Amino acid sequence: MTQDIQTITGYHAHVYFSSDTVEQARQLCQSAADQFGVVMGRVHERNVGPHPMWSCQLGATPDQFSQLLPWLALNRDGLIVFAHPETSDHLKDHRDHGIWLGTGLELDLSIFN
């Protein structure tokens, strides 16, 4: 059974970083916001939500995401990026529909129970 892509209202791309790469991540996210008009969230220097590392969220429309994801793939310079659609089923969006650029990490999905 296939799902209709019309259920996707947007995308999140989470750029992961450490204390050593926080400025690199901040510059990458700001560049993405400037170039694609995506919404840049806070640069969290702590783990938030299901994310196993410090992160910054980029919120994108489906049209923006079609350009953002390839750009992140080419410009992440070693940073890990986790992206997922927004369909209103947060567990499936994170568990089943995620896209990793770089090494995939284990998310804390217990927050969705």
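The protein is annotated in an unreviewed UniProt entry as DOPA 4,5-dioxygenase family protein of Aliisedimentitalea scapharcae.

(A) Here's a closer look at the pattern of salt bridges. A complete count under the given rule lists 3 salt bridges for this structure. A salt bridge links Arg26 to Glu45, with the nearest nitrogen and oxygen atoms 3.6 Å apart. Taken as a pair, Arg26 in helix α1 (residues 22–36) and Glu45 in the loop between β2 (39–44) and β3 (54–60) lie far apart in primary sequence, 19 residues in all. When its relative accessible area of 46% is taken as the criterion, Glu45 is described as partly exposed. In this structure, Arg95 engages Asp96 in a salt bridge whose closest nitrogen and oxygen atoms are separated by 2.8 Å. On the basis of relative accessibility, which here comes to 45%, the residue Arg95 falls in the partly exposed class. One salt-bridge network, held together by shared partners, links Glu23, Arg26 and Glu45.

(B) Broad picture of the side chain of His84. Assignment of secondary structure puts His84 in strand β4 (residues 81–86). Within polar-contact distance, the side chain of His84 engages the side chain of His14 at 3.2 Å. Separated by 3.5 Å, the side chains of His84 and Glu86 make a polar contact. Setting aside residues up to four positions removed in sequence, His84 forms contacts with Gly10, Tyr11, His12, His14, Asp93, His94, His97 and Gly98.

Conventions we followed
- Residues numbered from 1 in each chain as written.
- Predicted model: local features only at pLDDT ≥ 70, side-chain atom pairs only at ≥ 80, totals over all residues.
- Heavy atoms only, no water.
- Salt bridge = Lys/Arg side-chain N within 4 Å of Asp/Glu carboxyl O.
- Helix = DSSP H or I, 4+ residues; strand = E, 2+ residues; numbered from the N terminus.
- Buried < 20%, exposed > 50% of the residue type's maximum accessible area, 1.4 Å probe, protein only.
- Polar contact = N/O pair within 3.5 Å; in protein donor to acceptor, adjacent residues only side chain to side chain.
- Contact = heavy atoms within 4.5 Å.

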